[in-house]
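Tertiary structure, described
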Amino acid sequence: MAAKRASKSATAKAKAKAKPKAKAATKSRRQASAVLKPAKKAEQPAPTSEPEDMPVGPTPEQVAAWRALSQEERRALREREAARIFSEAAGAHQGGDLDAAIDGYNRSLFLNATIPDVYNNLGVALRSQGKLEASVACYRRSLVLRPGSASVYSNMGNALREMGRLQTSVAAHQQAIKLAPANPEAYYNLGLTLRDLGQVDQALACFGKTISLRADHVDCHWDRALTLLTKGDYGPGFTEYEWRWRLDRSPPRGYSQPEWVGEALKGKTLLVHQEQGFGDMLQFARYLPMLKERTGGATIVLEVQPELARLFSGIQGVDKVIDRGASLPKFDAYVPMMSLARIFGTTLETIPSDGAYLKAPEMETLKLPPSLDKQFRVGIAWAGRPTHKNDANRSCDFTQFVELLGIPGITVYSLQKGPREADIKTFGCEGLIMNLAPRLRDFADTAAVLEQLDLVITVDTAVGHLAGALGKPTWVAVPFAPDWRWQLDADTTPWYPKHRLFRQAEPGGWNGVFSGIRKALREELGLKPVSPVVI
């Protein structure tokens, strides 16, 4: 979870400000602030007997009146009309109608291209629709008209960060700080970009400055936690991680029972409740067998997503597993799943990672057919959940995996679920990959298949966590700005001893990652390096 809020933009023309929301779901990110003006109530047009869809042009009298105006009067009229349209567009923006807002901003600029706030607002709306290049162009136009706008520099820096143009983003945020040195948002935005560049110490300094200016900056505390964890500083990192419960998107459950903090609960019941995604639950399931001893023999009730229920039912020390959303049994205390690392005092040296901690159920129906000539069995997954906040960076094009299919001596099995499963057919690979997705009902089924594979190659998604929890050799393709659990630089992780990490050398640099994976796979199979083909 990474929170990204927007900088607040000031304007000399409008006092009312609001954060626009797009109708469609958008990635969690720093949201730019639009200079929004409240739309004034428009006068109702006089009734007409003409059909509503009949185009109405200027009357001869209106044309004559326009021609009679001086150039100054015409300019003033255009400026007033541009301001009126801008106000209506801002109202649409506030209401979440991005298409109407963008249309209005464009019409306003057609009449008067000298209003910096219109360009800023248009940039905000375009960024919300993922049109980042046009968004940055609008911010640049706004800065030409108002060079000293810290908020526009900040908005532009956020868009550039989303585009992966990190160095240029840093420059924009530094200029925002220069123009508004007392604004905590400017330091926060710069810290996010520095963290993406792997400059974690500098990022932490920016987050510290933000908190010194605004101690209750929830998003900054949250991102500071993620940065500390990325650095491997787990003590303060997991303590700061508790700020997640103050995020708007992550409200606490509000149980009347007390939260468990590590005390004995002999004769009582402890509820471990689900939070966050599949990968998080799979990673932190390692702590569940430790609860019996720590609580003095309490009854452990575990709440999980339905897709994990069968798999987690086999965890030692868990007495009952219930689906998220089902009625809860009586319990005496509760603990969020992701708080267990803090309660057990986890450090890099004390991560519970002694072998597999999950076990796949035996299922004859999911036995893979024998491969010809004892081929090396490789399972692949190339995309995570599309709704994940960082999916655009962690998922890759299917074509990267297609190049693996030409390596001799392997049988490839697709573990990909969701809409990206269709890539197999789209790219004509039905005869090169055995698609197992239709047979995988839940993670227990996936685990049963993984147990039969020799290697899993995946992007950063739940399949990688499941393979690691089962103790399977797994190669993970990691983006340039990694999730906190993969840390920085190393090609291994203390969370999963049999993982090997292949990292991007630059944002979006999947070609280098998969070149390394292909080379490593050929070495694993004892194959000679590929010789250039001369045609």
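Residues numbered from 1 in each chain as written. Predicted model: local features only at pLDDT ≥ 70, side-chain atom pairs only at ≥ 80, totals over all residues. Heavy atoms only, no water.

1. Quick word on the overall build of the protein chain
A count of helical and extended segments in the protein chain gives 21 helices and 10 strands. The proportion of buried residues among the 535 residues of the protein chain is 51%. Summarising the internal contacts of the protein chain: among those between residues at least 6 apart in sequence, 67% fall at separations of at least 24. Total accessible area computed for the protein chain in this model is approximately 25700 Å², and 53% of it derives from carbon and sulfur atoms. (Helix = DSSP H or I, 4+ residues; strand = E, 2+ residues; numbered from the N terminus. Buried < 20%, exposed > 50% of the residue type's maximum accessible area, 1.4 Å probe, protein only. Contact = heavy atoms within 4.5 Å. Areas by Shrake-Rupley, 256 points an atom, 1.4 Å probe, with all protein chains shown as cover.)

2. Topic: unusual backbone geometry
Positioned with a positive phi, Gln 276 is a non-glycine residue whose angle comes to about 60°. Note that Gln 276 resides in the loop between strand S1 (269-273) and helix H12 (278-284). Given a relative accessible area of 23%, Gln 276 falls into the partly exposed group. The phi dihedral of Asp 489 is positive, around 75°, even though this residue is not glycine. For Asp 489, the location among the structural elements is in the loop between strand S9 (474-478) and strand S10 (499-503).

3. So, the sheet that holds strand S4 (residues 333-336)
Strand order in the open sheet made by the 4 strands is S3-S2-S1-S4, with parallel pairing throughout. Looking at which strands have only one partner, the edges of the open sheet turn out to be strand S3 (320-323) and S4. Adjacent strand axes in the sheet meet at a mean angle of 25° when their direction is disregarded. (Pairing = 2+ DSSP bridges. Axes fitted to C-alpha atoms, helices over the stretch in contact; angles between N-to-C directions.)

4. A look at the packing of aromatic side chains
Under the defined criterion, the tally for this structure stands at 23 aromatic pairs. Between Trp 475 and Phe 502, the ring centres sit 5.4 Å apart and the planes meet at 50°, which makes this aromatic pair tilted. In this pair, Trp 475 sits in strand S9 while Phe 502 sits in strand S10, placing the two residues 27 residues apart along the sequence. Of the two residues, Trp 475 and Phe 502, both sit in the buried class. Sitting over the face of the ring of Tyr 187, Lys 209 holds its NZ or CZ atom 5.8 Å from the ring centroid. For the cation-ring pair, Arg 500 lies above Trp 475, with the distance from its terminal atom to the ring centre recorded as 5.5 Å. (Phe/Tyr/Trp six-rings, centres within 6.5 Å; stacked < 30°, edge-to-face > 60°. Lys NZ or Arg CZ within 6 Å of the ring centre and 35° of its normal.)

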